[in-house]
Amino acid sequence: MENTEDIYLLDKLCPPKGYETVGALLCTYSIDAKALLSALLYMRDIPAKGMDSGTSLSITERLKMLFDKGIEDMKWMEKHIGFVCNNGYDKSSASTMYQYTRRFTAYYTIPLGERDHSFHPKMYLVKFEKKDNTAEGADTLFRLIIGSMNLVNSHNKEFAACMELEAYREKDVPETDRDKYVKLKGTKADISGAIDRLFGYERENGRSDSPYIDNRNIGKVIENLAVDSYYFKKDELPEITAFGSGCPDPEFKNMLKGADHIFSPFLSESFLRECPKKTNIYTMENELTKLGYERCAEKQIVEDDDKTDSRQFYVYEIEENQVNRKPSSSHFKAYLSDKDQWVYVGSLNFSNRAFENNRELVVKLQDITEQRYDCIRTAFQEDYRLYTYRKIPKVNGSEEHELDIDSEFRKLALQISLCIRFMGLPCGLSFWQVQLLASLMLFLSNALPNVAGMGSIETAFLLVFGSFMTRGEAMSTLMLFRIASYYFVFGFSAVASLFAQKHLDRMDAQKRS
């Protein structure tokens, strides 16, 4: 376990001296092209400076070194190095480098009609093997990083646990110390089990294609890592917990909810209502504003816990003269207990969506002594300040109005999604992406005039969805959408009106007679 220190994620992806990278699985919520390509360069140990001259190399020059290795090396990397991110959060899609990054990236996509959730873990697992005699340690080494940082160019305050696990084949385990070694499957450090829960693999039937992952190379990447085939030292194993598919059990969730210190940039109002006011919540000012809290005054003492509408929060806040030296926002998530002195870090926000819906990952920090616990807590608390906030009463009907608007977007998106699915078009759009595009379509339609006899809705539809389908597919979907949402409804209402009018005429005739 690394000490609490400033680290650069990409540096931790480099192979140690005398080792080379032979496999890697990198899971993140969002990703961008520069970070992905940089990760490939670091894992393949392509230096940022020329070996002979010592001059800096541009990313283009380093990429040329990467791809100069040849097509066979590219094919090898596709089956041994994989990136997984939440669908719709690949920031490289607008980049000219996208054609290179797409072959390594898989997207976690929610099937139509399934409960909304996100793929939110931040886990970076890299496998190294000895390449020469300068390496110190076992022949195989796994480096596991679990924390809060996405694989993007960012300057947020983040924390991660970085673990190096020496791996041994059965023949290399000392016979006299065999009881000190164990395979990971079924242990608290079951990495493969955590991956299966995150990806939705069915362990009972073998590792089949996940209904969520759109790149079948990822299954090959996991098989080539072969984590389950190695033995590890028992006393080095971390405690890993994956959220999703009904895991973990409620007892573990309640333990985290009962932590003395909760660091989370995103919160749920329902969780705050259930959380005792004596719990120290560390968050961001904009999140509290979004939840309807306003700052009252700076205080150090919490008053009546249950009878007031005020609550104290620790808010991330740095001095103006420190902006250039320190992160402008805090993004890390952590749960600390003063009594039991445990610390969990990972991707888990203190919200209902994170605890109940999302795919998340946390790890318990190891070797926590009283002194080390105090050191970690102090590092976490840096630049947070205590303030009292009060809940602003909601205006009657405002929340219901927002829900109605959101409901209309969902209905529209569902109609378009069903049209796409009905025609079997391979556009790759998930329901939530269609919902986002539908809202953009309505926004544009308000600013567009009728064009060549076409309504603004039709024009906006073709402008937005034409980027994800061929022209013929977009026109066909538009026609089916219009038939389902306008002509069918119009025809049905016309027939219904005719029958209603006849019924009224009969009633009127009966009254006259």
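Residues numbered from 1 in each chain as written. Predicted model: local features only at pLDDT ≥ 70, side-chain atom pairs only at ≥ 80, totals over all residues. Heavy atoms only, no water.

**Student:** Please explain the overall build of the chain as it appears in this structure.
**Tutor:** A count of helical and extended segments in the chain gives 15 helices and 17 strands. Looking at the chain residue by residue over its 513 residues, the buried ones come to 46%. By sequence separation, contacts in the chain at least 24 residues apart represent 71% of the contacts at least 6 residues apart. Surface exposure of the chain reaches about 27,200 Å², of which carbon and sulfur atoms provide 51%. (Helix = DSSP H or I, 4+ residues; strand = E, 2+ residues; numbered from the N terminus. Buried < 20%, exposed > 50% of the residue type's maximum accessible area, 1.4 Å probe, protein only. Contact = heavy atoms within 4.5 Å. Areas by Shrake-Rupley, 256 points an atom, 1.4 Å probe, with all protein chains shown as cover.)

**Student:** Looking at this structure, how should I read the nonpolar core?
**Tutor:** Generally speaking, a soluble globular protein has its nonpolar side chains buried in company with each other. Leu25 and Phe199 are the most contacted members of the largest nonpolar core, which has 54 residues in total. The dominant element in this core, judged by the number of residues it contributes, is helix α5 (residues 191-199), at 5 residues. Ranked by size, the runner-up nonpolar core spans 34 residues in total, among them Leu13, Leu41, Leu141 and Cys162. (Core = buried A, V, L, I, M, F, W, Y, C linked by side-chain atoms within 4.5 Å.)

**Student:** For this particular structure, what's the right way to read the pattern of salt bridges?
**Tutor:** Oppositely charged side chains can pair when the atoms bearing their charge come close. As enumerated under the stated definition, the model contains 15 salt bridges in all. Two residues, Asp338 and Arg377, come together in a salt bridge whose shortest N-O distance is 3.0 Å. Of this pair, Asp338 sits in the loop between β14 (333-337) and β15 (342-346) while Arg377 sits in helix α11 (residues 370-381), placing them 39 residues apart in sequence. Residue classification places Arg377 among the partly exposed residues on the basis of a relative accessible area of 21%. Salt bridges sharing common partners tie together Glu269, Arg273 and Lys391. (Salt bridge = Lys/Arg side-chain N within 4 Å of Asp/Glu carboxyl O.)

**Student:** Mind showing me how you'd approach the side chain of His80 here?
**Tutor:** Relative to the helices and strands, His80 resides in helix α3 (residues 71-80). Separated by 2.8 Å, the side chain of His80 and the backbone oxygen of Trp76 make a polar contact. For His80, the residues in contact, after removing those within four places along its chain, are Val22, Gly23, Ala24, Val221 and Asn224. (Polar contact = N/O pair within 3.5 Å; in protein donor to acceptor, adjacent residues only side chain to side chain.)

**Student:** Would you explain the pairing of strand β2 (residues 81-86) in this entry?
**Tutor:** The side chains of a regular strand alternate, first on one face of the sheet and then on the other. For β2, the buried fraction is high: 6 of the 6 residues fall into the buried class. When strand β1 (residues 19-28) meets β2, the two strands line up parallel, connected through 5 bridges. Residue pairing for β2: Leu26 is matched across the bridge by Phe83. Alignment of β2 against strand β3 (residues 105-108), held across 4 bridges, turns out to be parallel. (Pairing = 2+ DSSP bridges.)

**Student:** Is there a simple way to explain helix α7 (residues 250-257) in this structure?
**Tutor:** In an α-helix, one turn spans 3.6 residues; hence positions three or four apart end up facing the same way. Residues of α7 that are buried include every one of Phe252, Lys253 and Leu256, and no others. Buried residues along α7 cover an arc of 100° about the axis, so they all sit on one side. Of the exposed residues in α7, the ones pointing more than 90 degrees away from its buried face are Pro250 and Glu251. Taken together, the buried residues of α7 touch β9 (239-243), β10 (261-263), β14, β15, α10 (352-357) and β16 (360-364). The opening residue of α7, the one whose side-chain oxygen lies 3.0 Å from the backbone nitrogen of Glu251, is Asp249. (Arc of directions from axis to C-beta.)

**Student:** What am I meant to see in the confidence of the model for the chain here?
**Tutor:** The predicted coordinates ought not to be read in detail in places where the model reports low pLDDT. On average, residues of the chain score 78 in pLDDT, and 70% of them reach the 70 mark or higher. At the low end of the mean pLDDT range in the chain sits helix α12 (residues 398-422), at 51; at the high end sits β10, at 97. Confidence over residues 50-54 falls short of pLDDT 50; this stretch has 3 contacts with residues more than four positions distant or in other chains. (pLDDT = per-residue confidence, 0-100.)

**Student:** Help me out: how do you make sense of the packing of aromatic side chains in this one?
**Tutor:** To describe a pair of aromatic rings, one takes the distance between the centres and the angle between the planes. Enumeration according to the criterion identifies 26 aromatic pairs in this entry. Taking the centre distance of 4.4 Å and the plane angle of 65° together, the rings of Phe159 and Phe380 count as edge-to-face. Of this pair, Phe159 sits in the loop between β5 (140-147) and β6 (160-167) while Phe380 sits in helix α11, and the two are 221 residues apart along the sequence. Each ring, one from Trp342 and one from Tyr344, has its centre 5.4 Å from the other, and the planes form 70°; the classification is edge-to-face. Under the relative-accessibility criterion, Tyr344 is labelled buried at 3%. Each residue in the set Phe159, Phe263, Tyr282, Tyr314, Tyr316, Phe332, Phe380 and Tyr384 is aromatic and connected to the rest through ring pairs, giving one cluster. Across from the ring centre of Tyr387, 3.6 Å away, lies the NZ or CZ of Arg295, which sits over that ring. Here Arg359 stacks its cationic end above the ring of Tyr212, 5.4 Å away from the centre of that ring. (Phe/Tyr/Trp six-rings, centres within 6.5 Å; stacked < 30°, edge-to-face > 60°. Lys NZ or Arg CZ within 6 Å of the ring centre and 35° of its normal.)

**Student:** When you look at the sheet that holds β6 in this model, what are you seeing that I'm missing?
**Tutor:** Sheet strands associate in pairs through backbone hydrogen bonding, adopting either a parallel or an antiparallel arrangement. Pairing within the open sheet is mixed, and its 6 strands lie in the order β3-β2-β1-β4-β5-β6. Strand pairing shows two members of the sheet lacking a second neighbour, β3 and β6, which therefore form its edges. Averaged over neighbouring strand pairs, the angle between their axes works out to 15° when direction is ignored. The pairing of strand β4 (residues 123-130) with β5 spans 7 bridges and is antiparallel. What sits directly across from Tyr124, in β5, is Ile145. Here helix α1 (residues 33-43) sits on the sheet and contacts β1, β2, β3 and β4; the angle it forms with β2, its principal contact strand, is near 155°. (Axes fitted to C-alpha atoms, helices over the stretch in contact; angles between N-to-C directions.)

**Student:** Sorry, what's going on with unusual backbone geometry here?
**Tutor:** Look at Asp367: it is not a glycine, yet its phi comes out positive at around 55°. Mapped onto the secondary structure, Asp367 falls in the loop between β16 and α11. The phi dihedral of Asp383 falls on the positive side, at around 75°, and the residue is not glycine. Summarising the element assignment, Asp383 is placed in the loop between α11 and β17 (384-391).

**Student:** I'm lost on the side chain of Lys122 in this one. Help?
**Tutor:** Examined against the element boundaries, Lys122 turns out to sit in the loop between β3 and β4. Although Lys122 is buried, it forms no salt bridge, and the closest oppositely charged side chain is Glu360 at an N-O distance of 5.6 Å. A polar contact is formed between the side chain of Lys122 and the side chain of His120, at a distance of 3.0 Å. Excluding residues that lie within four positions of it along the chain, Lys122 makes contacts with Cys27, Tyr29, Ile145, Ile146, Gly147, Ser148, Met149, Asn150, His331 and Ser347. (Lys, Arg positive; Asp, Glu negative; His and termini not counted.)

**Student:** Can you walk me through the environment of Asp11 in this structure?
**Tutor:** Residue placement: Asp11 occurs in the segment before β1. In this structure the C-alpha to C-alpha distance between Asp11 and Ala39, which are 28 residues apart in sequence, comes to 9.0 Å. When neighbours within four sequence positions are excluded, Asp11 is seen to be in contact with Tyr42 and Arg143.

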